[in-house]
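Residues per chain are reported as follows:
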Amino acid sequence: MDFKCSIDIHVPIDKVVELFNDPGNFKEWQEGFISYVLISGIPRTVGAKSKITYNTGKHIMELIETIQVMNLPAEMTALYEHKNMVNTMTNRFTELPGQSTRFTTDMEYFKMIGIMPKLMALLMPGMFKKQNQKWLDQFKTFAEKNARTNN
């Protein structure tokens, strides 16, 4: 299962990338975010592994992130491993006219483990895209608010 989401943000690309690439900001736009802990490597570089923890409201979810490509603003790709699924996410930032930026994500889920994740992917694939778009929308709100308060 794979899909793409994008959003245009009325903030210059350098500032958008700076805000995106700082795990200290994740709590501002990733609902349920608890922590981002480096496991190995140099933070936010190719090969770095980190544990990301979220509270989904029903349980605590932990992901292992392994950065595969770090060439921002052009691309940041990471592998995310969870006990029930494995996916990659590629983030791209494109400069637009008028001091704006397009933030695009490409998601590829290639391993679902267990009956429930497989059923969710089969019966409700839009749920995954909807969650990703929600985080993009929340990032836009955060970035634009941050740009206004820091000018």
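Details of the structure are given in the entry above.
A. Structural context of the pairing of strand 3 (residues 49-55). Pairing analysis gives six bridges linking strand 2 (residues 33-40) to strand 3, with the strands arranged antiparallel. Considered in strand 3, the bridge of Y36 is made with I52. Here strand 3 pairs with strand 4 (residues 60-71) via seven bridges, running antiparallel. Bridge pairing in strand 4 links S50 to E65. The hairpin formed by strand 3 and strand 4 contains four residues between the paired strands, and G57 there has a positive phi angle of roughly 100°.

B. A look at helix 1 (residues 13-20). The complete set of buried residues in helix 1 reads I13, V16, V17, L19 and F20. Considered in projection along helix 1, the buried side chains sweep an arc of 165° and stay on one side of the axis.

Conventions we followed
Residues numbered from 1 in each chain as written. Predicted model: local features only at pLDDT ≥ 70, side-chain atom pairs only at ≥ 80, totals over all residues. Heavy atoms only, no water. Pairing = 2+ DSSP bridges. Helix = DSSP H or I, 4+ residues; strand = E, 2+ residues; numbered from the N terminus. Buried < 20%, exposed > 50% of the residue type's maximum accessible area, 1.4 Å probe, protein only. Arc of directions from axis to C-beta.

Treat this as a map of the structure, not an account of what it does.
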